[in-house]
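# Report on the structure
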Amino acid sequence: MASTSIGTATQRRNEYPVPSTMRAWVLGGPEELSMVEKQVPKPGPAEVLVRVDAIAVCATDIEIMKHGLPAMVEGELPFNKNFTIGHEYMGTIVGLGPSVDEFHIGDRIAVEVHAGCGRCPRCRGGMYTSCLNYGFPSKGHRANGFTTDGGFAEYSINNVNTMVHIPDEMPDAEATLIVTAGTAMYGLDVMGGLIAGEGVVVTGPGPIGLMGVAVAKALGAVPVILTGTRDRRLEMGRKLGVDVVVNVRNEDAVAAVTRLTGGKGVQYVLECSGAPNALDEAARMVNRGGRICLAAFPGDPVPVDLAYLVRNNIYVYGIRGEGRSATHRAAALMAQKRFDAKIIHTHTFPLDEVPTAIRYARDRVDDAIKVVVSMRW
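A brief structural summary. Because the structure is predicted, anything quoted here is derived from the model rather than measured. (Residues numbered from 1 in each chain as written. Predicted model: local features only at pLDDT ≥ 70, side-chain atom pairs only at ≥ 80, totals over all residues. Heavy atoms only, no water.)

### Structural notes on the overall build of the protein chain
- What the protein chain contains, in helices and strands, is 12 helices and 15 strands.
- With respect to the three principal axes, the spread of C-alpha positions in the protein chain is 70 × 50 × 45 Å.
- Taken across its 377 residues, the protein chain has 53% of its residues classed as buried.
- Contacts in the protein chain between residues at least 24 apart in sequence constitute 68% of all its contacts with a sequence separation of at least 6.
- Placing the 38 positive and 40 negative side-chain charges of the protein chain at their respective mean positions leaves the two points 4 Å apart. (Helix = DSSP H or I, 4+ residues; strand = E, 2+ residues; numbered from the N terminus. Buried < 20%, exposed > 50% of the residue type's maximum accessible area, 1.4 Å probe, protein only. Contact = heavy atoms within 4.5 Å. Lys, Arg positive; Asp, Glu negative; His and termini not counted. Charge placed at Lys NZ, Arg CZ, Asp CG, Glu CD.)

### Some remarks on the nonpolar core
- Within the largest apolar cluster, 51 residues are counted, with the highest numbers of intra-cluster contacts made by Val200, Met211, Leu226 and Phe339.
- Ranked by residues supplied to this core, first place goes to helix H6 (residues 207-218) with seven residues.
- In contact with Leu226, not counting residues within four places along its chain, are Val202, Gly204, Pro205, Leu210, Val213, Arg233, Leu234, Gly237, Val242, Val244, Val245 and Val246.
- Counting 40 residues, the second-largest nonpolar core is a separate cluster that includes Val50, Tyr89, Ala357 and Val371. (Core = buried A, V, L, I, M, F, W, Y, C linked by side-chain atoms within 4.5 Å.)

### A look at the packing of helix H5 (residues 178-190) against H6
- Look at H5 against H6: their axes get within 8 Å of each other, and the N-to-C directions meet at 60 degrees. With respect to H6, the element H5 is oriented oblique. When the axes of H5 and H6 are compared, the crossing they make is right-handed. Side by side, H5 and H6 meet where Thr180, Ala181, Thr183, Ala184, Met185 and Leu188 of the first sit next to Pro207, Ile208, Met211, Gly212, Val215 and Ala216 of the second.
- Residue composition of the contact of H5 with H6, grouped by class: nine nonpolar, three polar and no charged. (Axes fitted to C-alpha atoms, helices over the stretch in contact; angles between N-to-C directions. Parallel < 35°, antiparallel > 145°, perpendicular 65-115°, else oblique. Left-handed = near helix turned anticlockwise from the far one by under 90°. Nonpolar A, V, L, I, M, F, W, Y, C, P; charged D, E, K, R; others polar.)

### With respect to the packing of aromatic side chains
- By the definition in use, this model includes one aromatic pair.
- Where Phe349 meets Tyr360, the ring centres are 5.0 Å apart and the plane angle is 65 degrees; that geometry is what we call edge-to-face. One end of the pair, Phe349, is in strand S14 (residues 345-350); the other, Tyr360, is in helix H12 (residues 354-363), and 11 residues separate them in sequence.
- Judged by its relative accessible area of 19%, Tyr360 is buried.
- The ring of Tyr308 is capped by Arg284, whose NZ or CZ atom sits 4.1 Å from the centre of that ring.
- Here Arg291 stacks its cationic end above the ring of Tyr315, 4.7 Å away from the centre of that ring. (Phe/Tyr/Trp six-rings, centres within 6.5 Å; stacked < 30°, edge-to-face > 60°. Lys NZ or Arg CZ within 6 Å of the ring centre and 35° of its normal.)

### Overview of the environment of Met285
- Take Met285: it is sitting in the loop between helix H9 (278-283) and strand S12 (286-294).
- Note on Met285: relative accessible area 1%, which makes it buried.
- Contacts of Met285, omitting those with residues within four sequence positions, involve Val201, Thr203, Ala253, Val254, Val257, Gly265, Val266 and Val269.

### Here's the deal with the side chain of Asn312
- Positionally, Asn312 belongs in the loop between helix H10 (306-311) and strand S13 (315-318).
- Not counting residues up to four positions away in its chain, the partners in contact with Asn312 are Arg288 and Gly289.

### Comments concerning the layout of surface pockets
- Each pocket or cavity is described by its volume, and for the second largest pocket that value is around 210 Å³.
- Around the second largest pocket, the lining is made up of 18 residues, and of these Lys38, Arg142, Thr148, Asp149 and Gly150 lie nearest the centre.
- Contributing elements (two or more residues each) for the lining of the second largest pocket: strand S2 (33-39) and strand S6 (155-159).
- Here the element with the most residues in the lining of the second largest pocket is S6; it accounts for three residues. (1 Å grid on protein atoms, 1.4 Å probe; cavity = no way out; pocket = protein on both sides within 12 Å on 5 of 7 lines; lining within 4 Å. Points joined across faces, edges and corners; volume = space filled by probe spheres on them.)

### Brief notes about the pattern of salt bridges
- The final tally for this structure, using the stated rule, is 21 salt bridges.
- The salt bridge partner of Arg142 is Glu47, with a shortest N-O separation of 3.7 Å. Residue Arg142 is located in the loop between helix H3 (121-124) and S6, and its partner Glu47 is located in strand S3 (residues 47-56); the two are separated by 95 residues in the primary sequence. As far as burial versus exposure is concerned, Arg142 and Glu47 are alike and both buried.
- Between Glu174 and Lys342 there is a salt bridge, with the nearest N and O atoms lying 3.8 Å from each other. Taken together, the residues span a long stretch of sequence, with Glu174 in helix H4 (residues 172-176) and Lys342 in the loop between helix H11 (326-335) and S14 at a distance of 168 residues. (Salt bridge = Lys/Arg side-chain N within 4 Å of Asp/Glu carboxyl O.)

### So, H12
- Those residues of H12 lying buried are Val354, Ala357, Ile358, Tyr360 and Ala361. End-on view of H12: buried residues confined to an arc of 155 degrees, all on one side of the axis.
- Just downstream of H12, Arg364 is the residue with a positive phi angle, here 55 degrees. (Arc of directions from axis to C-beta.)

### Thoughts on the pairing of strand S5 (residues 108-111)
- Covered by surrounding structure in S5 are Arg108 and Ala110 together with Ile109 and Val111, the residues of both alternating faces.
- As paired strands, strand S4 (residues 88-96) and S5 are joined by three bridges and run antiparallel to one another. Of the residues in S5, the one forming a bridge with Thr92 is Arg108.
- As defined by bridge partners, S5 adjoins strand S7 (residues 163-165) across three bridges and the pair is classed as antiparallel. Looking at S7, one finds that Ile109 is bridged to His165. (Pairing = 2+ DSSP bridges.)

Dropping the structure here:
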């Protein structure tokens, strides 16, 4: 029996030969990407080598390219450190580190970003996306594309606790969206405590907002209201099951939510717009004791009516990534076809054209929403 197992493992390795070098995009100075040849990394204990098959462009990738943060490499900004960004990827396992038996060569997987250090109080309490050793791989922290090399490359290393199996019938591009859906899941189910039958407003129909609509509906929220300025994106929200869309160019968002809920407001707002007035508007959309999840980064500090939040016992919380294994729950909903994430995938480019893919996502060229880089071009 043992010899058969060894033979099977050897056969699988032969099916997925691994070269010694790979193509990878690295960050130079701000907004400088260049294609280089890197050594293919070797997995250590509790790690696997992933052949990256597809990766989606995230708005945070664009922030990292411009500002450095929230990426950090050994406590410093990631510029000019031979660092590869990108974190919303999926692929095939082609190498196993010592003692790894949770996965096998040939498995198709999607990833989550954060492994955490496993030693700080946050990680030990399950909040590994808020690891106190963030940015220090030497202390065990890993966040691919943020503190350790990410997925705009042909291969990447992942810890076994950052992956989820995906069904063979799930297309590569759809699998890259599990991270996005996982972020919305984390904000609504773990941090928000969403209860079926309660109302949700999603402000901003970008990728996380649209996945927020899909997740909220899959979890039983009623009503789910989506606000934004672009009719095409609002229409995508309809396809993902939203109950009502509000174009804020035509109607005040707070007035619309008040009207739609008979003056009661909703229990949750998932804020994905980053607009300067978004938090104050969200506070007037929720009822007393309601919850506001902040999933976007405003460009500048914003004034907030804190007294209103206090008087109405409103909870406000930010989310970082897709903690508490939210990718696993999002992947399960997608595998069960509870929603069609492919709707938000609008453009595909090959690895050689990563700068173009990022430009499409950043500048919303051709109304791009989710741009995917495919290695199988």
